[in-house]
Structures are given as C-alpha cells and as structure tokens.
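Secondary and tertiary structure notes
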Amino acid sequence: MDKRKNQHGSQSPIESWLVRGAFIIGLVAIFFSVSSETPGSWVTGRFGLLSPSGLGKYTPDNPSGVCQQVQNISPNNKQVEQFIRDTVESPEYHKEIINKLTGIIQIPSESYDELGVIGEDSRWDIFYQVEDYIKANYPTVFKTVKLDHANTHGLIFTWEGSVPPSEAKPILMLAHQDVVPVLADTVKDWSHPPYDGHYDGEFIWGRGATDDKGYLISIIESVDLLIKSGFKPKRTVILAFGCDEEISGENCGRPISNLLHNRYGDDGIYLIMDEGSVGIQKEFNRSFAMVSTAEKGYLDVGINVTSTGGHASNPPDHNVIGILSEIVMTIENNPFTGKVTSKNPMFNFLECAAVHAPETSFPTAVGNKLSKAAQGDGKAQQQLAQVLDNMRYYFRTSQSVGKINGGVKINAIPETASAMVNLRLAVETSVAEVQGHYESLIRPIARKHGMVFEGFYSSSDSSEARKIKLFSVDALEPAPVSPIDAESFRVLSGTIKNTLKPLDQDDELIVTPYLMPANTDTKFFWALTKNIYRFTPINLVQNLNRAHTTNEFIRADEFVREPLFFASLILNADDTVGQ
C-alpha cells in the first residue's frame, strides 16, 4: 500500500485493529454517558441493543434482502480443485512457499521519494534482482506465460485463455514489488533484521511480509499450481507487479495500466484484485470478509506566504511565519464535517452488520440512525458519523499538516514560509470542493493582513511581495465505487465463502463491502473495468499494525493458504465463460 497512508493524516490500515478496539469501547462509553439508565437496564434503554422493532428493514430474517450472502462457489473442475487443496495442505508445500517468501523478503527492494529516472538512478537496479528471483523460483510459470515489461521494471504476466478476450474478458491480479525503506535508526528496534526473512515457526518476519510480497508470492503461486494441475484457462489470466506503488506508482503502475488499456480497451477486464487494507476481521461479534470497493481521494495542498524581509530589530506585527501559523490554526479549527451516506461502502458494511451481527452486539444508536440515513435524512447521516466518531476518517475528509518551512536566520525577518497539507477525500466530495473550502478559509486571512491572495486556479501575475498562494499536488478524485451486484462480485464472494474461514468456529463469515482509506495502484485502472476489488484473504488483525513500521510480519499458517483462494477465484471466474 502506498507510503502516504502512514505519513499523513488518514487512518492507516496498519493501525486499524487498535482503532477498531477503541471504536467499540468508545461506542459503549457514548451510550452509557448519554443514557440515564444503569448498565443493567442498558438493553432496554433508548441506547440499548437492537430489537426487531427498532431495526426497521434491518431485521435478522432480512426480508428486505439487505446484504444477502451468496452460497459457497466451488470450481466445476473438481480434480484441479482437489489437487490445489491437497497441495496447500501438505507440510512439504508449506516449507516450500515459506522459503519463497523469506527469500524475496531478503531482496531490499525499497522505493524512495526522490528516485530519479529508471535507467539513470542505480537504486532502481534492485528490481532486476526481484525479477531474477521470480524467474528462478517459477520456471513452470515462465514456460507457459508471456512476460511483458512496462518501463523496465513493471512486470506483466499473461496466461492466454482459449477464448478470445473480446468474448471472455481477462481477470487481472495486481501486486507490487517495492517496499517502504527501513530507516537505519530503527533497525535496532526490529526483533529480527528487516531483510533476513526470518521464520520462527509461527511468523515470517521482514519488510514486505505483509505489504506486499506475501500477496505477490501468493498470486504467482496460484498460477504455478494451476499450471502444474494441468488446468487450461478459457479466460485469460493476467498478473501485474508494479515497482513503485509506495511512491505513487507513476513509474510502473501507470505504464502497466497504459499497456493493458492499449491491449484490451475500455472496460476490457472482467475483474481486478489488489491488496486490501483489511481482510477477515471481527466486528460486532461477527466475522466479516471486508472487500474494499472504493478508495478515498487524495490531495496535497501547498501554502506559500511571502513578504518583505528585514532586520529582526524592527519586525512587523505579524511576519510570514506568524501568518502561516494563523492559517494552520484556522485549517485545524475548521475540519471537514462527516456524514454516512449510501455512496460510501462503509454504509453497506454497517447495513451488513445490522442484519448479520447478533442482536445483542449491534447498538440501537447506530441501527436507528442507519435506517434514517438510508432514506437520505441528512441530519441522521451527520448524527451517525458523530456516533461513529472513532472511525471518523472513513466518513469524512482528513487533513494533516505534514511539512512546514520558514526562516533561515534568527535575527532576520523571514521572507517566505510554506506548509504542505495532506488530505484524504471522503467519497462524497471532490478535489474542487476541498480546494474551495481552503480558499474560503484562507482568503479572509490574506485580506486581514493586506496581502494578495492567489487561489488554486488564479491567473494573477502580481509582483506584490506580500502574498498568500495556494497550489495543489497529486490531486486524485475518490475512486468510483465498484458494483456489488455484478457477476464478478458474486464470484468473488462465493470464492471467499468456499476457501476462507470465520475467526470463530461457530461463527459465519459474512462478505461485506468496505472502504480503502489509502490508495493502491488501482487508481490507474479505472478505465479498464468497474469491477475493482481490494482484499487480502487472511485474518489481518495482528498484521495490520506492523506494515510500514518495525517488526512487520505475517502469520505463516494463514499465508500458506492464500494461493488456494487465488487459484479458486481464477477457476470460478473461468467457469462463468459461456454461461
């Protein structure tokens, strides 16, 4: 997942298990603080737990069909399916695939913000080692698939199906080869060196174990297993591995997308799978497989304040640093408001929870407002966001001042000061709306200090020294929400049900839409298909807090089963050809 999600203000998926715990505790605290009843009478109080009369359409028998679950979908080719299952259950296979992951972790394929051009900056050369490693460990794959390169290090594997892509759109699975750098000062804080790929019998440790080399190995492993089983696809299968997802994807993610778009055209792909910020989690005492059907938007806002300088012995009442500080305070004192609307996949998740969570586990305060929010009640939508405040950044635009600069000498009045603000845009908003909000906050400050104001699209060429200027970097609209009524989502859901397990043995695994608060390489692929789903097919409760930081790891017993999911998805998607 991209490097921005930890360095800026949006809620990071690697911290979400902590936040989720706080979320549930926070809900309980809210309900008890508002209700005048004692804890013993909470069940029957107005903030009590849901009863059918208070649920509206969200009743356990689900007559309205909200969040209906598909049945398990098992591949038609039982011989191939059994081969895959038998293989992934064998101890010999576990040892083999674990060794493959530990080996690729040992290649420090770090991507840096200031990387130069591929072919000129030698730091890109590490990705030759990644490609060589994949070739050495998957000779069967390379005898069968075609390998294309997008801008040298973007790898595209194409396993041609027997049915032309014009008749059976290909399935595309994405992963990325790069990892976030390990800071030299933090190496001592790792339990095991970050690039040793240490396996202790339970966990596989190292940078990239979760984000995203485990996913990469699992995807290519699934193709390897299918080839060895004798399977011949009707639907073309494509694997694409970027080299710079952690630094925006412009060097590999975009070129890969361009190559595939030139080859298959608009809406030419059946389904795209990429890493998810969540996998199988437990909420409201129910196991959910959380499939992200959208991503928040992205925007970096730059603020430049300039004025005349001079000697510090004769300062103005407010120099550029003071004015910039006023701007920052104004921004932080005017956060974006949140609301829970049906445009947000998190709304669908709450609906799924209202229907499928045990009645004694889903709060009335959420359920009652959810019914009204579903009807478009704006007040209820805002109130629901307030109740779910500990998950606020799933429902509203986040903003975080991440960089600030100003002044070069203590006894000189600074002439310039600047700040950069990172924003993750709620699905209901747009880049233009966010820019307009900032202009409305900062224009009065410029007027107050008698300064020229230049907005994001100002054409002013003013030479006035006293000026406040706004500009945008890396603007990205919120991703289109992928459909949950498409055949591809039904196939994905049925595959999840057939290959993955709930966290408790007596639980039921519920497939639900979810929101990705960060951005993946899928942002380049919107034209290729509407069916883009982000999901990591394991229990990520323990893993989420370690990616992008020290002691990243993945549970070996769950990792070794990932190829079963991906292989089954390929088989099930293939079974729809000709239907």
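Residues numbered from 1 in each chain as written. Predicted model: local features only at pLDDT ≥ 70, side-chain atom pairs only at ≥ 80, totals over all residues. Heavy atoms only, no water.

1. Re the pairing of strand β7 (residues 280–283)
Successive residues of a regular strand alternate their side chains across the two faces of the sheet. Across four bridges, β7 lies against strand β8 (residues 286–295) in antiparallel orientation. Across the sheet, residue Glu283 finds its bridge partner in β8, namely Arg286. The turn joining β7 and β8, which pair antiparallel and follow one another in sequence, is formed by two residues; a positive phi near 50° is taken by Phe284. (Pairing = 2+ DSSP bridges. Helix = DSSP H or I, 4+ residues; strand = E, 2+ residues; numbered from the N terminus.)

2. Thoughts on the pairing of strand β5 (residues 237–242)
Of all six residues that make up β5, six are buried, and the element is covered over most of its length. Burial along β5 is two-sided: Val237, Leu239 and Phe241 facing one way and Ile238, Ala240 and Gly242 facing the other are all buried. (Buried < 20%, exposed > 50% of the residue type's maximum accessible area, 1.4 Å probe, protein only.)

3. Digging into the sheet that holds strand β14 (residues 452–454)
Strands sit in the order β11-β13-β9-β15-β14 across an open sheet of five strands; the sheet is mixed. In this open sheet, the two edge strands, each paired with only one partner strand, are β11 (398–406) and β14. Recorded for the sheet is a direction-independent mean angle of 15° between the axes of neighbouring strands. Where strand β9 (residues 297–306) meets strand β15 (residues 467–476), eight bridges bridge the pair, whose relative direction is antiparallel. Residue pairing in the sheet places Asp300 in a bridge with Val473 of β15. (Axes fitted to C-alpha atoms, helices over the stretch in contact; angles between N-to-C directions.)

4. Brief notes about the pattern of salt bridges
Opposite charge on two side chains allows them to pair when their charged atoms are near. One pass over the full model with this rule turns up 26 salt bridges. Among the salt bridges present, the one from Asp267 reaches Lys169, with a minimum N-O distance of 3.1 Å. Remark: Lys169 occurs in the loop between β2 (154–159) and β3 (171–176) and Asp267 occurs in the loop between α9 (253–264) and β6 (271–274); sequence separation between them is 98 residues. Given a relative accessible area of 33%, Asp267 falls into the partly exposed group. Under the relative-accessibility criterion, Lys169 is labelled partly exposed at 31%. Several salt bridges converge on common partners, so that one network encompasses Lys78, Glu81 and Arg85. (Salt bridge = Lys/Arg side-chain N within 4 Å of Asp/Glu carboxyl O.)

5. Topic: the state of the cysteines
Overall, the coordinates contain two disulfides when judged by the stated rule. One disulfide bridge connects Cys67 with Cys352, the sulfur atoms lying 1.9 Å from each other. Between Cys67 and Cys352 the sulfur-sulfur dihedral comes to about 95°; the bridge is accordingly right-handed. Residue Cys67 is found in the loop between α3 (52–55) and α4 (78–88), and its partner Cys352 is found in helix α11 (residues 345–356); the two are separated by 285 residues along the sequence. One disulfide in the model links Cys243 with Cys252; its S-S distance is 2.0 Å. Handedness of the Cys243-Cys252 disulfide follows from its S-S torsion of about 90°: it is right-handed. The burial state of Cys243 is the same as that of Cys252; both residues are buried. Each bonded cysteine of the protein chain is numbered by sequence order, and under that numbering the disulfide pairs are 1-4, 2-3. (Disulfide = S-S within 2.5 Å.)

6. Let's talk about the nonpolar core
Of all hydrophobic cores here, the largest spans 75 residues; its most connected members are Phe241, Met273 and Ile496. Looking at this core element by element, the count peaks at nine residues for helix α8 (residues 213–229). What Phe241 contacts, discounting residues up to four positions off in sequence, is Ile134, His153, Gly154, Leu155, Phe157, Ala175, Gln177, Leu216, Ile219, Ile220 and Ile256. Of all hydrophobic cores here, the second largest spans 34 residues; its members include Cys67, Val340, Leu350 and Val366. (Core = buried A, V, L, I, M, F, W, Y, C linked by side-chain atoms within 4.5 Å. Contact = heavy atoms within 4.5 Å.)

7. Brief notes about α11
With twelve residues, α11 extends 16 Å from end C-alpha to end C-alpha; this agrees with the ideal 16 Å at 1.5 Å per step. By the criterion of burial, α11 is predominantly enclosed, with twelve of the twelve residues buried. Among the residues of α11, Pro345, Met346, Phe347, Asn348, Phe349, Leu350, Glu351, Cys352, Ala353, Ala354, Val355 and His356 are the ones counted as buried. (Expected span 1.5 Å × (residues − 1).)

8. Comments concerning the environment of Ile204
Within the element layout of this structure, Ile204 appears in strand β4 (residues 203–205). You can call Ile204 buried: its relative accessible area is 0%. Separated by 106 residues in the primary sequence, Ile204 and Ile98 have C-alpha atoms spaced 7.8 Å apart. With near-sequence residues (within four places) excluded, Ile204 lies in contact with Ile98, Leu101, Thr102, Ile105, His198, Tyr199, Ala209, Glu552, Phe553, Ile554, Ala556 and Phe559.

9. Some thoughts on the UniProt feature "binding site: Zn(2+) 2" (unreviewed entry) in the protein chain
In the UniProt entry, the feature "binding site: Zn(2+) 2" (unreviewed entry) is given for His176, Asp211 and Asp274. Annotated residues spanning 99 residues; largest pairwise C-alpha distance 11.4 Å, indicating a single compact cluster. Examined against the element boundaries, His176 turns out to sit in strand β3. Residue class for His176 comes out buried when judged on its relative accessible area of 1%. Engagement of the side chain of His176 in a polar contact is seen with the side chain of Asp211, the distance being 3.1 Å. In this fold, Asp274 is placed in strand β6. Filtering out sequence-adjacent residues up to four positions away, Asp274 remains in contact with Leu174, Ala175, Tyr215, Thr520, Asp521, Thr522, Tyr533, Arg534 and Phe535. (UniProt positions renumbered as here; feature names shortened; annotations may be inferred. Polar contact = N/O pair within 3.5 Å; in protein donor to acceptor, adjacent residues only side chain to side chain.)

10. Comments concerning the packing of helix α5 (residues 91–105) against α8
Where α5 contacts α8, the axes come no closer than 10 Å and their chain directions differ by 135°. It follows that α5 is oblique to α8 by the angle criterion. The handedness of the crossing between α5 and α8 is right-handed. Listed contacts from α8 to Tyr93, Ile97, Lys100, Leu101, Ile104 and Ile105 of α5 are Lys213, Gly214, Leu216, Ile217, Glu221, Asp224 and Leu225. Its residues assigned to classes, the contact of α5 with α8 shows eight nonpolar, one polar and four charged. (Parallel < 35°, antiparallel > 145°, perpendicular 65-115°, else oblique. Left-handed = near helix turned anticlockwise from the far one by under 90°. Nonpolar A, V, L, I, M, F, W, Y, C, P; charged D, E, K, R; others polar.)

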